Structures are given as structure tokens and as C-alpha cells.
Amino acid sequence: MDYRKLAEKLLPGEYPPLAFYEEKYPPRDLPKGAQVTRLAPSPTGFIHLGNLFVAIANERVAHLSGGIMYLRIEDTDLKRKVDGAVEAVKNALKYFDIRFDEGAEIEGAKNEYAPYYQRERAEMYRAFAKDLIARGLAYPCFCTEESLSALREKQTAEKKITGYYGEYAACRNLTEEQIDEKLKAGLPFVIRLKSQGNPERKIAFRDRIKGDITVTENDQDVVILKSDGIPTYHFAHAIDDHFMRTTLVIRGEEWLASLPIHLELFQALGFPLPAYGHNCSLMKQDGETRRKLSKRKDPELSLEFYRQEGYYSRAVKVYMLTLLNSNFEEWYLKNPESPLQSFKFTVEKMGKSGALFDLDKLNDISKNELAKLSAEEMLAFLKGWAEEFGTEEQKGYLKEEEYLLKVLNLCMGTAGKKRRKDFTTAKQAMEQIAYFFRKGARQDKYRTEKQTRNAILKAFADSYRYSDDAQTWFGKLKEIAASLGFAAEMKDYKQNPEGYKGSVSDVAEVLRIAVTGRANTPDLWTILQILGEKETRARIAQAQEES
Ligand code: GLU
């Protein structure tokens, strides 16, 4: 068959000579060892932890080597495309400080390898597909969805590997006449790779993360151009990574299974292969088993979750780095204040198998990270979150800056000293401090019975002076305790618990719940100082009424 003629029939018209692209997108002028990496999300509107996981690795490797990290949008699948998705990707990654040097919608970048949206590169993919057809390495396939699913069923029933290959590749050996006939009948077609591989043969491959592995040669005649002339991921990524001069592809390990296809495509296209590193998946402990994080079951898979909940981005990054690089944790223990960029991230230290993602661990890290902030920094962080995600009421808290700073100083403790670690996220912190702004709904139940409770509240209201210092105030609490049958000193209570209704701490708890709604708070005397006498008395009075 005359393959050149066939190529012209299938993809008619003038295409630039392939050398044109080599010239248009020349190798990058970068120092030796500089890596060019990328993030290549599909604009599905769902950007997830797996994306962040590889984004951090790619970004670190590029920038630590003096290279380039770019953003490419893989929008070849229109069915999955969602409006505003690129903006969402950019916002999500910006939150985690992922800096792109060039790419889709990166302002101020030179973008010499543009366009960065795959749909805008359609002509180039077709030019290369046409060349493969002309060289007898690709062919048209007219099989319908129905015949392909029937094939799959047959293969499954016969316990054969499913797919379009070898004897099952019905269109692989169509004659020129048969093709002409189908074209004349206007049948839609896709372009498939005519695989030259042999599944009996193994290929040794060095994965930058997994190390030395062996893969089986590809023999699947995969689709390279769909019937609308738009390429598949396999084909587009090979052309793009070559012409965007990517040197290292760190991507999720779900792509490892397709690696043989990619090896064959690079070879057929005559492109040198970039280095690949397949990053382990994020797993979750679910009872006795470990499973992959799931979109349906685990809200924490979505990056939107972290912004909405108000996770402190450095905390998430610290946790991601802990999971990504085995020596990060030790480095961070020694350098807790250092910018994360100063950690010498290496691909070699990336985990080879599934990393366990644990929200509790992240929450612990978040508490530590937030405890490092000054009250002013915390205020700025809360503000940023509340402006986007807070309720109207929460936005209101932020208007009283001076008051809020007092609250934060109390709730966080003095900078430089041992800090309290009450805050996990902005959302949780806002809920936690709500009682300073409103008579919060009672969260915790009283443990002391009603009559005694009322007696405590009354005695307190009678003796309370706003000007009392902490010691005097506590002295009065002890007196109240003693007068109502509670031990004024803890040690007395411990020695003889039967002899008392409780201790002075139970008395304080009644007061604490009455005023704040909570059984656990920072120092109660300071809370009352911040609330002021009027508010304190009003809350006690209300608690007595409700009692
Ligand atoms: N578009 C692919 C994805 O979102 C990119 C994979 C890659 O990084 O090459 O999974």
C-alpha cells in the first residue's frame, strides 16, 4: 500500500514539515543539570492531593536545579472539561505556593513554548500522526463502540488480555480498497498506532523514583488521534514533552501501566525519552485495610477541602514533604523555622510505594505550625480565610481587630514561651473563639446538679469585682467552693474525695460553661477580663435563667 497516499487521504492538506517544530521549539538554553518539569492537569474541575503531591515534587526538582516548571493544560477530553477549571487549578496551587515559570495563564512569563493548552496544538499532533501514517506506523480504524465492547467481552470470556492488538486488531490489515470504500461511505475513524512491539520481550527501565524495573513491550494498537482529530493523552504528552523540552516527568503511578505505550511512541516519533519518575499513590487506612483515597468517600482528597477548611498552607506542605521525601522529617526537626525551599529535596529520596495519608497527622502538624505564628500573623491568616469562606458573623469578628488580638494572644499564649496548640485550621479557630463574640450555644454539659450550680453562679455574681487580680479572683472562688461543700484545695480533695461534692476546679467548670459554653478554655480569669464586667454579668445572669 502507498502509505503516503493513505496519509493524504486521512489527513488532507499542507502541514508544516516536522523540522519546523524542532526549530520553533529549540532545546532550552539552561545550565547543565537544570531540570524542566511540568504539571499537566486535565481541566476537570477536580484538583486533588495527588496533583499537589506531584506538583510539589516537580516544582522542587525544577527550582532546586535552576530549571523550569511549567503548567500545561491537557484538555483533549472535552467531555470532562469544566468551565473555570484552569482558574481553580491555579488558585489551588497558588495557595500552596507552587510557582510556575511559564505555561497556561501564567502572567508575565515569556511562554516561548506556547500554546500550553493541548487543544491549541492540534495541528502539530496531526502533522506527526500524518507522518506516522506515511511511514506505515499508524493506520485508520473504523471499528464502532459496539464492536469494540463486543471484542472486550469476547476477550474477557476467553481470559485473554483485552484491547486492540495482534489478531484482534481488525482494521490493522485493511486493504487500500477496503479503506477507500469506508472513507467513501463517510464512516468515522480514529488513527491507531501500528505497534511493532512483542509482548514476549521485556525492557529494562530506570524509573527515577521506583528504581530499576522491567516492563513488557507494548503490542496494543492504541488510539493516537480520536475521530474528531484530537489526540489521546498518550500521543499528545509524547509530542508536548518533547517540544516543551521536558527533561523529567514526575507523574502518578497510575501511568506506570501505560509506560510501554509511551516508550514505543517516543521511539516511533524519533524523540529522545525524558526521564520518568512514577510517584506512589496516597493511601488511607480504612479499618484493617489500606486503600487509595477516593473522590467519593474522602473529602480530604480534594484540594478545595484544605482552602475551605482553612488549613494553613505551610502545614499541608510540611506534611506533603514529610510523605514525599524520607529525610525531610529529620531535617525539619533541626530546622523548624527555615523556609521550606531550603530543604534539599531529591527524587532519589521519594517513596517507592504507597504513602499513608492521615488527616490526624496533618492536624497535629497544623497545630504546631499555627502555634508558631504571632497573634498578628494569625489574625491576617484568619482574615484571608474568612473573607472567602467565613460566615457574615465571622467576618464581623474581624472588624474588632484590637479585641480579636487580645483573644488570640490569650488563646495562643505568649510568643517565645510554650504556646497553646488549640488551633488546627482557620475554620476551627473561628468556631473556637466564637464565645468571645456571642453567647455561644452551650457545647458542653454541666456535670454539677442544678441547685448547686445556681448557688455557685449566685455566689460568684455577688462577690465578683472586675478589678480583682487573678489571685484575688481565684481566692474568692476557693471561698465559694468551701462554703458550698467543695474542697478549696485539690490536695484535700484527692486525699478525701468522699468528703466533698467536688473540688474548686468543679466550681470553676460551672462558671466556665456558664460564660463560654465550654468545659475547656484558656485561663478563665483572662477570658472574663477580655469580655468585660458587663458582658460577664450578663452571661452569668442568662446562665442562671436557663438553668
Ligand atoms: N493529564 C494527566 C493527568 O491529569 C497528566 C499525567 C502526566 O503528568 O503526564 O493525570
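Refer to the structure presented above.
As the structure is a prediction and not an experimental result, all values here were calculated from the model.

J.: What is the right way to read the overall build of the chain from this model?
T.: On a plain count of helices and strands, the chain comes out with 23 helices and 13 strands. For 547 residues, the compact-globule estimate of 2.2 N^0.38 gives 24 Å, and the C-alpha radius of gyration of the chain, at 32 Å, exceeds that figure by more than 25%. Principal axes of the C-alpha set define a box for the chain whose edges measure 105 × 55 × 40 Å. Relative to its full complement of 547 residues, the chain shows a buried share of 50%. Expressed as a percentage of contacts within the chain between residues at least 6 apart in sequence, the contacts between residues at least 24 apart total 75%. As displayed, the chain offers around 26,900 Å² of accessible surface, 50% of which is attributable to carbon and sulfur atoms. On the chain, the mean spot of the 84 positive side-chain charges and the mean spot of the 83 negative ones are 2 Å from each other.

J.: Would you mind showing me how to read the packing of aromatic side chains here?
T.: Each pair of aromatic rings is reported with the distance of its centres and the angle of its planes. All told, the structure shown has 30 aromatic pairs when counted by the stated rule. Ring geometry for tyrosine 319 and phenylalanine 357: centres 5.3 Å apart, planes at 45°, overall tilted. Of this pair, tyrosine 319 sits in helix α11 (residues 313–324) while phenylalanine 357 sits in the loop between β13 (355–356) and α13 (359–370), placing them 38 residues apart in sequence. Using a relative accessible area of 3% as the deciding quantity, one classes tyrosine 319 as buried. Given a relative accessible area of 4%, phenylalanine 357 falls into the buried group. Judged by centre distance (5.4 Å) and plane angle (85°), the rings of tyrosine 403 and phenylalanine 437 are edge-to-face. Taken as a pair, tyrosine 403 in helix α16 (residues 401–412) and phenylalanine 437 in the loop between α17 (426–432) and α18 (450–463) lie far apart in primary sequence, 34 residues in all. Owing to a relative accessible area of 17%, tyrosine 403 belongs among the buried residues under this scheme.

J.: I keep staring at the pattern of salt bridges and nothing clicks. Help me out?
T.: Close approach of charged atoms lets side chains of opposite charge pair. A full pass over the atoms with the stated rule returns 44 salt bridges. A salt bridge links glutamate 102 to arginine 28, with the nearest nitrogen and oxygen atoms 2.8 Å apart. You can see glutamate 102 sitting in strand β3 (residues 102–103) and its partner arginine 28 sitting in the loop between α2 (18–24) and β1 (36–39), a full 74 residues away along the chain. Both residues of the pair, glutamate 102 and arginine 28, count as buried. Connected via shared salt-bridge partners are Arg38, Arg72, Glu74, Arg121, Asp240 and Asp241.

J.: Where do I start with the sheet that holds strand β8 (residues 223–225) in this structure?
T.: Where strands meet in a sheet, backbone hydrogen bonds hold them as pairs that are either parallel or antiparallel. Spatially, β4-β5-β8 is the arrangement adopted by the three strands of the open sheet, whose pairing is antiparallel. Among the strands making up the open sheet, the edge pair consists of β4 (138–141) and β8. Going from strand to strand, the sheet's axes swing by 45° on average, the running direction of each strand aside. Bridge count for strand β5 (residues 190–193) against β8 is two bridges, and the pairing is antiparallel. When the sheet's bridge partners are listed, isoleucine 191 is paired in β8 with leucine 225.

J.: Looking at this structure, how should I read helix α9 (residues 259–269)?
T.: For the α-helix, the turn length of 3.6 residues means that residues three or four positions removed from each other point alike. Burial within α9 is extensive, with ten of its eleven residues counted as buried. Looking at α9, one finds that the buried residues are Leu259, Pro260, Ile261, His262, Leu263, Glu264, Leu265, Phe266, Ala268 and Leu269.

J.: Looking at this model, I keep getting lost on the sheet that holds β13. Mind explaining?
T.: Here we have three strands laid out as an open sheet, ordered β12-β11-β13, and mixed in their pairing. With partners counted over all chains shown, the strands left at the sheet margins are β12 (289–292) and β13, one partner each.

J.: Before we go on, may I ask you to explain unusual backbone geometry in this structure?
T.: Peptide bonds are mostly trans, and most non-glycine residues show a negative phi. Residue proline 115 is reached from alanine 114 by a cis peptide bond, and omega for that bond is -5°. Counting through the fold element by element, proline 115 comes out in the loop between β3 and α5 (122–134). Here aspartate 97, not a glycine, exhibits a phi torsion of approximately 65°, which is positive. Relative to the assigned elements, aspartate 97 resides in the loop between α4 (85–95) and β3. The backbone of asparagine 111 shows a phi angle near 50°, a positive value even though the residue is not glycine. Within the element layout of this structure, asparagine 111 appears in the loop between β3 and α5. Judged by its relative accessible area of 21%, asparagine 111 is partly exposed.

J.: Looking at this structure, I do not really get the pairing of strand β9 (residues 248–252). What am I missing?
T.: Every regular strand shows the same layout, with side chains that alternate between the two sheet faces. Counting buried residues in β9 gives five out of five residues, a clear majority hidden from the surface. Direction of pairing for β9 relative to strand β10 (residues 275–279): parallel, over a ladder of five bridges. By the bridge assignment, isoleucine 250 is partnered in β10 with glycine 277.

J.: How should I be thinking about the site of the ligand in this particular structure?
T.: Inspection of the region around the ligand gives Arg38, Ala40, Pro41, Ser42, Glu74, Tyr233, Arg251 and Trp255 as its neighbouring residues. Serine 42 places a side-chain nitrogen or oxygen 3.2 Å from a nitrogen atom of the ligand. One nitrogen or oxygen atom from the side chain of glutamate 74 is found 2.7 Å from a nitrogen atom belonging to the ligand. Summarising the interface, the protein chains cover 82% of the accessible area of the ligand, which totals 300 Å² for the free molecule. Among the residues forming the shell around the ligand, the class breakdown is four nonpolar, one polar and three charged.

Thresholds applied
Residues numbered from 1 in each chain as written. Predicted model: local features only at pLDDT ≥ 70, side-chain atom pairs only at ≥ 80, totals over all residues. Heavy atoms only, no water. Helix = DSSP H or I, 4+ residues; strand = E, 2+ residues; numbered from the N terminus. Rg over C-alpha atoms; globule rule 2.2 N^0.38 Å. Buried < 20%, exposed > 50% of the residue type's maximum accessible area, 1.4 Å probe, protein only. Contact = heavy atoms within 4.5 Å. Areas by Shrake-Rupley, 256 points an atom, 1.4 Å probe, with all protein chains shown as cover. Lys, Arg positive; Asp, Glu negative; His and termini not counted. Charge placed at Lys NZ, Arg CZ, Asp CG, Glu CD. Phe/Tyr/Trp six-rings, centres within 6.5 Å; stacked < 30°, edge-to-face > 60°. Salt bridge = Lys/Arg side-chain N within 4 Å of Asp/Glu carboxyl O. Pairing = 2+ DSSP bridges. Axes fitted to C-alpha atoms, helices over the stretch in contact; angles between N-to-C directions. Near = heavy atom within 4 Å. Polar contact = N/O pair within 3.5 Å; in protein donor to acceptor, adjacent residues only side chain to side chain. Nonpolar A, V, L, I, M, F, W, Y, C, P; charged D, E, K, R; others polar.

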